[in-house]
Amino acid sequence: TQSTTQSTHTPIILLHGLLGQAKNWATLGSLLSLSNPTRPIYALDLLNHGSNPPSSYRASMSYKEMAEDVARWCEYMGVDKAVVIGHSMGGKVAMSLPFIPSGRRILSGLIILDIAPVEYGVGDGSRWEVIEDVVGVCGGMDLGGLKSKAEADER
């Protein structure tokens, strides 16, 4: 998603959280655009999320890989500098940008929401094991022949 007005203002790039998508930023993106109509606002669908086509899905999905994708998108769009706002997983991706050469030059500002610059894992009190269990159950499902979400819920 993006605002369409041409601008010399530094763009804002919005990065969603785990299992999210660019559309999650619709309200905030609109408010930011209204507050400064000439500043470009971009909400990106991160790797394996949102409206990315299934043909672009990858088995590996590290923060570094997602940060590299953001940097490639910036290069493709001609975005030289940006303020990056990341929520949860998007925050981890945003925090990874300075650690890749092409990402380092892009950052004009960094805003991180609802995540800390620490590593999370099973047994650390973060409840990551719940997500791991859900992903394990979903990964073990036979989805062949399903025609609807209702059919998946029945299984």
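Here the structure is shown first, and the text comes after it.
Residues numbered from 1 in each chain as written. Predicted model: local features only at pLDDT ≥ 70, side-chain atom pairs only at ≥ 80, totals over all residues. Heavy atoms only, no water.

Asker: I'd like a description of the overall build of the protein chain, backed by residues and values.
Answerer: Regarding its fold elements, the protein chain presents 6 helices and 4 strands. When its helices and strands are written in sequence order, the protein chain yields β-α-β-α-β-α-α-β-α-α. Buried residues in the protein chain amount to 32% of all 155 residues. Once local pairs closer than 6 in sequence are excluded, the contacts in the protein chain between residues at least 24 apart make up 68%. For the protein chain, the accessible surface area stands at approximately 9,600 Å², while carbon and sulfur atoms represent 57% of it. (Helix = DSSP H or I, 4+ residues; strand = E, 2+ residues; numbered from the N terminus. Buried < 20%, exposed > 50% of the residue type's maximum accessible area, 1.4 Å probe, protein only. Contact = heavy atoms within 4.5 Å. Areas by Shrake-Rupley, 256 points an atom, 1.4 Å probe, with all protein chains shown as cover.)

Asker: Give me the lowdown on the nonpolar core, citing residues and values where you can.
Answerer: I13, L15, L46, V70, V84, V93 and L97 are the most contacted members of the largest nonpolar core, which totals 21 residues. Mapped onto this core, the elements with two or more residues apiece are β1 (12-15), β2 (41-44), α2 (63-77), β3 (82-87) and α3 (89-96). With 5 residues, the top contributor of residues to this core is α2. Contacts of V93, omitting those with residues within four sequence positions, involve L15, L46, Y63, M66, A67 and V70. Judged by nonpolar contacts, the second largest core, of 8 residues, contains I12, I41, V83 and I85. (Core = buried A, V, L, I, M, F, W, Y, C linked by side-chain atoms within 4.5 Å.)

Asker: Lay out unusual backbone geometry in plain terms, naming residues and giving numbers.
Answerer: Phi angles above zero are rare outside glycine, and L19 is one such case at about 65°. With respect to the helices, strands and loops of the structure, L19 is situated in the loop between β1 and α1 (26-35). Take L19: its relative accessible area is 78%, and that puts it in the exposed class. For N48, which is not a glycine, the phi torsion comes out positive at approximately 65°. Following the sequence through the fold, N48 ends up in the loop between β2 and α2. Assessed through its relative accessible area of 18%, N48 is described here as buried.

Asker: Before we move on, can you summarise the packing of α2 against α3 with the specific residues and values?
Answerer: Two elements in contact, α2 and α3, have axes separated by 8 Å at closest approach and are oriented at 75°. By the angle between their axes, α2 is roughly perpendicular relative to α3. Contacts between α2 and α3 pair Y63, K64, M66, A67 and V70 from the former with M89, K92, V93 and S96 from the latter. (Axes fitted to C-alpha atoms, helices over the stretch in contact; angles between N-to-C directions. Parallel < 35°, antiparallel > 145°, perpendicular 65-115°, else oblique.)

Asker: Which residues make up the packing of aromatic side chains, and what values do they have?
Answerer: For the structure on display, the rule yields 1 aromatic pair. When the centroid spacing of 4.9 Å and the interplanar angle of 70° are considered together, the rings of Y42 and W73 count as edge-to-face. Of this pair, Y42 sits in strand β2 while W73 is found in helix α2, placing the two residues 31 residues apart along the sequence. (Phe/Tyr/Trp six-rings, centres within 6.5 Å; stacked < 30°, edge-to-face > 60°.)

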